[in-house]
Amino acid sequence: MVVACVAFQGATHAADPKPDAIVKTTSIEARVYLDDRIKADAPLAADCLAEGKRWLDKNAAEAAAARKADPQFFKDGGWDFERKYEIRSVVADRYVSVLRDDYMNTRGAHPNSDVNTILWDKADNKRISIRPFFTETADNGATMTAMVKAIITSLKAEKKKRDAGETATDEWFKELKPSLLKIGAVTLTPSTAAGKSSGLTFHYPPYAVGPYAEGEYVAFVPWETLKPYLTAEGTRIFGGARPKGDAQEP
């Protein structure tokens, strides 16, 4: 029997947050959390929660099937999953970048994690891509090619800082393609200039651009690198520099 509870919660103590959605069975416990800033925006909160519920239902079904097929793998307990939605930036009081972090423990060799992003247009209350900010975003076009080149430069610098230069190779970057669908999960980077974005941040989970042991990677592409490809709206929203604190984020 699946016990599901979905409700918006009020402010809770930081040390003991209550999930905004939960599924708990003998096969799995899975939780979804929305940060307070998301919950303050009703359309965005409803969108994230609906997606989170679909994720809960999908994993609950998979866990039940796995338990039925191989019950011995559940002798130490069921699967443990968690998804968190958190606002990373709000640009021009319109474009909201949301980080979606997943934790997944299926009692294997080690837990796994994933990261994805949402770009939300508050004016139209819908998800969008970064297309409106660039004159063209065709696969293998000038914009996406410049973007991939800048991403790899950023990743190589980060690997050098981590003493992981031996994995700063084309083999580990081969999945990064000059295509919006294959370049990585993106957010608008905060800026020292109010209401602006200082560029694009790309978020990569373990295994994406390095071995599991290296963990997640973030690549930053400053807006100046992309300036030749900006539309009028892109020119309007980009400016300033990346805050020092943001550069310390994983």
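Residues numbered from 1 in each chain as written. Predicted model: local features only at pLDDT ≥ 70, side-chain atom pairs only at ≥ 80, totals over all residues. Heavy atoms only, no water.

Caption draft 1: Representation of the overall build of the protein within the structure. Scanning the protein for helices and strands turns up seven helices and 10 strands. The C-alpha radius of gyration of the protein comes to 20 Å, within 12% of the 18 Å expected for a compact globule of 250 residues. Taking all 250 residues of the protein together, the buried fraction comes to 45%. The contacts of the protein with a sequence gap of at least 6 include a subset with a gap of at least 24, amounting to 59%. (Helix = DSSP H or I, 4+ residues; strand = E, 2+ residues; numbered from the N terminus. Rg over C-alpha atoms; globule rule 2.2 N^0.38 Å. Buried < 20%, exposed > 50% of the residue type's maximum accessible area, 1.4 Å probe, protein only. Contact = heavy atoms within 4.5 Å.)

Caption draft 2: Spatial organisation of helix α2 (residues 42–69). With 28 residues, α2 ought to run about 40 Å at 1.5 Å a step, and its terminal C-alpha atoms sit 40 Å apart, in line with that. Along α2, the positions that sit buried rather than exposed are Leu-44, Ala-45, Cys-48, Leu-49, Glu-51, Gly-52, Trp-55, Leu-56, Asn-59, Ala-60 and Ala-63. (Expected span 1.5 Å × (residues − 1).)

Caption draft 3: Focus on the side chain of Asp-41. Mapped onto the elements, Asp-41 comes out in the loop between α1 (36–39) and α2. With residues near it in sequence (within four places) discarded, Asp-41 still touches Trp-120 and Lys-122.

Caption draft 4: The sheet that holds strand β10 (residues 217–222), seen in detail. If you trace the three strands from one edge of the open sheet to the other, you get β8-β9-β10, paired in antiparallel fashion. Of all strands in the sheet, those bounded by a partner on one side alone are β8 (185–189) and β10. Within the sheet, the average angular offset between the axes of one strand and its neighbour, ignoring direction, is 25 degrees. Note that strand β9 (residues 199–204) and β10 share six bridges and pair antiparallel. Pairing of Tyr-204 across the sheet is with Tyr-217, part of β10. Helix α3 (residues 142–161) rests against β9 and β10 of the sheet, and its axis sits at about 130 degrees to β10. (Pairing = 2+ DSSP bridges. Axes fitted to C-alpha atoms, helices over the stretch in contact; angles between N-to-C directions.)

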